[in-house]
Every structure is written in C-alpha cells, then in structure tokens.
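Architecture and fold: a report
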Amino acid sequence: MADNFSDDDPRRYLRDQGFDAYTAEDHATWSTLAQRQRAVLKGRVCDAFIEGLDALGISDEGIPDFRVMNERLKATTGWEVVAVPGLVPDIVFFKMLADRMFPAGYWIRRPDQIDYIEEPDIFHDVFGHVPLIMQQRYADYLEAYGKAGLVAAEHGALHRLARLYWYTVEFGLARTPQGLRIVGAGIASSPSETVFSLESASPNRIGFKLARVMRTLYRIDDFQETYFVLDHPDAWPELDIDALLPLWRELDALEDLAPEAVLLSDHVLTRGSGEYHAAKRAAA
Ligand code: HBI
Ligand code: FE
C-alpha cells in the first residue's frame, strides 16, 4: 500500500486503473452513458471536445484504458490521466494539475445510479474532462490553475480558485460563430444540463470576467443559475500570480455575489427568467 506518503503527497492517492477488473456490466454502463451523451452533445459542445474524444479513442464501446489514452495525451500536450480512488484533498489536486496529471476516478456508477451520483466517477472525469486536455491552451490553463491553487492555499483564497474552476472547467460555455457551445465537463457529462445550459430561459448567461467569477457563489446540488461565457472555446483566462494576489485583496473588501446575481457592469448575453429555481423553491 501507498501508506508511507503524507496526506498531501499525490503519490498517496495514485492507483492502478485495474482495467482488467471491469465487468461486462461496467462496460455496458459506460456505453449507455457515452452513446447518450454523444447524441445530445452534437451541435451543443465545442468542436474541440469531439475532436478530443475521437483522438483519444474515447468511444461508446466501453471504458477507456488509461494506458492507451495516455500515450496519445502525453504525445500531444504532455498530460497524463492518473487513477485515484475519489476526491483528493485540494492541495493534492492542485499539485497534480501543476504537474500535468489529471486525477480521474476509476470506478463507474452502478446501473441504478445512471442519472445521478454524488462523487465524480470515471465517466464524468474521463468523458467530461479529458477531451479538452488535448488542446494546448486548455492544458496550459489547467496547469496554471494548479500552480495558482498552491499559492491560493497560502493566501486564504482557495474559495476563489474553487469558484473559478466551477464556472470554467465544470460549467463553462463559450461563444462561437455558430452560437453558444458547451466547454464545461460538468455540463458535457450530464444530458439534462447539456440541454438546460443552452436552451432553458431560466439561467443567466454572462460574459466571463475573472474577478466577477471569483466573487460568485455556486450551487453544487442542481443546475446552475448563472453560466459564464468565454469569448471563444479556447479563451481560457490567464492566471498571473502577480496579478492574482492584489486581486484577491481587492475582492476581500467586497461582498460575495449570489449565484443568480446580475450586476449593471455585467455583459449579459441572456437575462434568465429564474423560473426553474423559483419553481423548485416554491415546491420545497
Ligand atoms: N479531487 N479527484 C478530484 N477531482 C476533483 O475535481 C477535485 C478533487 N479535489 C478538490 C477539487 N476537485 C476542487 O475542490 C478544487 O477545484 C478546489
Ligand atoms: Fe469534474
């Protein structure tokens, strides 16, 4: 066992994917999820996402083998997917990203959990996150995010980094000449949020600004009330530590913003009706 490593040492959390241990049922669960998701993503996710799936051999046929994916990923952006047992501590997560390792759960949900799981499984982590890591700018952004996270941890700014990840890597949208497209893994691995994020009248869709996002609280239990929109599917923010430190100090003097807040200074692409979450609150 890897028990000689300290809690914040990434090596403590590294596992073998155990590819040969997946059952026929596991592979069938993957196929169901991947087929459904590829169909709903057509015309909704950014092109680079589909290109990444194809280039990595992430298919509908069954759970991908990390050894095969990693050959292609390493050759293209120098990244590697590593198997972990579940959520790793924030510091470990940041260290892994800073080292161009993307932690992915290796377990897959049971058939009775097909539409909802509490913790990310291999389908969310690999199908949702890994395709865009074939893009150099995205790969660089994730590495910069990890490095910024390690600094944030020393400056009481972990929450700012978590909000940034949430509203870009997990729930980001982007403008394209063909219209809005999905870039976030939390959306791209969920059939219902794939449709909701782009087509519902309920959520706000607001132009991405780093400081704005770092002030904004988020919901982890339901669809987002606001999606932030990059100018382009490859327009990931620069994370310059020398600029982040003074920014965090400025933001500490300001109130946090509610997930549904809209400011006069926002570039509002869609002002949401809020109807979806209002109905839920009324029913509760
Ligand atoms: N661990 N395996 C795993 N996957 C994540 O996405 C993850 C994590 N630990 C912490 C974390 N995410 C986030 O809270 C960070 O963005 C702060
Ligand atoms: Fe995720």
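Our structure's up above, just so we're on the same page.
Attention in this report is confined to the structure presented alongside it. (Residues numbered from 1 in each chain as written. Chains lettered and ligands numbered in written order. Predicted model: local features only at pLDDT ≥ 70, side-chain atom pairs only at ≥ 80, totals over all residues. Heavy atoms only, no water.)

1. Notes on the pattern of salt bridges
A complete count under the given rule lists 20 salt bridges for this structure. With its nearest N and O atoms 2.8 Å apart, the salt bridge here joins D121 to R109. One end of the pair, D121, is in the loop between strand 2 (101-105) and helix 5 (122-129); the other, R109, is in the loop between strand 2 and helix 5, and 12 residues separate them in sequence. Side by side, D121 and R109 carry an identical accessibility label, which is buried. Linked through salt bridges whose partners overlap, the residues forming this network are R100, D140, E143 and K147. (Salt bridge = Lys/Arg side-chain N within 4 Å of Asp/Glu carboxyl O. Helix = DSSP H or I, 4+ residues; strand = E, 2+ residues; numbered from the N terminus. Buried < 20%, exposed > 50% of the residue type's maximum accessible area, 1.4 Å probe, protein only.)

2. A closer look at the site of ligand 1
In the vicinity of ligand 1, the residues found are V84, G86, L87, V88, D90, F93, F94, Y145 and Y165. Within the backbone of G86, a nitrogen or oxygen atom sits 3.2 Å from a nitrogen atom of ligand 1. Between D90 and ligand 1, the recorded distance is 3.3 Å, taken from a side-chain N or O atom to an oxygen atom. When the free accessible area of ligand 1 is taken as 400 Å², the share hidden by the protein chains comes to 85%. When residues of the shell around ligand 1 are assigned to their parent elements, the largest contribution, three residues, is made by helix 4 (residues 90-98). Split by residue class, the shell around ligand 1 holds seven nonpolar, one polar and one charged. (Near = heavy atom within 4 Å. Polar contact = N/O pair within 3.5 Å; in protein donor to acceptor, adjacent residues only side chain to side chain. Areas by Shrake-Rupley, 256 points an atom, 1.4 Å probe, with all protein chains shown as cover. Nonpolar A, V, L, I, M, F, W, Y, C, P; charged D, E, K, R; others polar.)

3. Brief notes about the pairing of strand 2
Counting buried positions over the five residues of strand 2 gives five, a clear majority of the element. Residues M101, P103 and G105 line one face of strand 2 and the alternating positions F102 and A104 line the opposite face, and both faces are buried. Sheet analysis places strand 1 (residues 80-84) next to strand 2, joined by five bridges and oriented parallel. Looking at the pairing, V81 lines up with F102 of strand 2. Handedness of the crossover is the feature at issue here: the chain leaves strand 1, passes through helix 4, returns alongside strand 2, and the resulting connection is right-handed. (Pairing = 2+ DSSP bridges. Right-handed = clockwise from strand over helix to strand, strands pointing away.)

4. Re the side chain of S189
In this fold, S189 is placed in the loop between helix 8 (185-188) and helix 9 (191-199). Of the polar contacts made by the side chain of S189, one reaches the side chain of H124; its length is 2.9 Å. Polar contacts involving the side chain of S189 include one to the main-chain carbonyl oxygen of A185, which spans 2.8 Å.

5. So, the side chain of S200
Locating S200 in the fold gives a position in the loop between helix 9 and strand 5 (204-207). In terms of polar contacts, S200 uses its side chain to reach the backbone amide nitrogen of S202, at 2.9 Å.

6. A look at the packing of aromatic side chains
Using the criterion set out here, one finds 19 aromatic pairs in the structure. When the ring of Y138 is compared with that of W236, the centres are 4.8 Å apart and the planes differ by 70 degrees; the resulting orientation is edge-to-face. Of this pair, Y138 sits in helix 6 (residues 136-154) while W236 sits in the loop between strand 6 (226-230) and helix 11 (241-251), and the two are 98 residues apart along the sequence. Site record: aromatic cluster; members linked through ring pairs are W166, Y167, F171, Y218 and F228. (Phe/Tyr/Trp six-rings, centres within 6.5 Å; stacked < 30°, edge-to-face > 60°.)

7. Digging into the coordination of the iron ion (ligand 2)
The coordination sphere of the iron ion (ligand 2), as far as protein atoms go, consists of H124 (NE2), H129 (NE2) and E170 (OE), spread over 2.0 to 2.1 Å. Taken in sequence order, the residues that donate to the iron ion (ligand 2) follow the motif H-x4-H-x40-E. On the criterion of sequence distance, the pair formed by H129 in helix 5 and E170 in helix 7 (residues 158-170) is long-range, its members being 41 residues apart. In this structure E170 comes out as buried when scored by relative accessible area, which is 11%. (Donors = N, O, S within 2.8 Å, 3.2 Å for Na, K, Ca; no water.)

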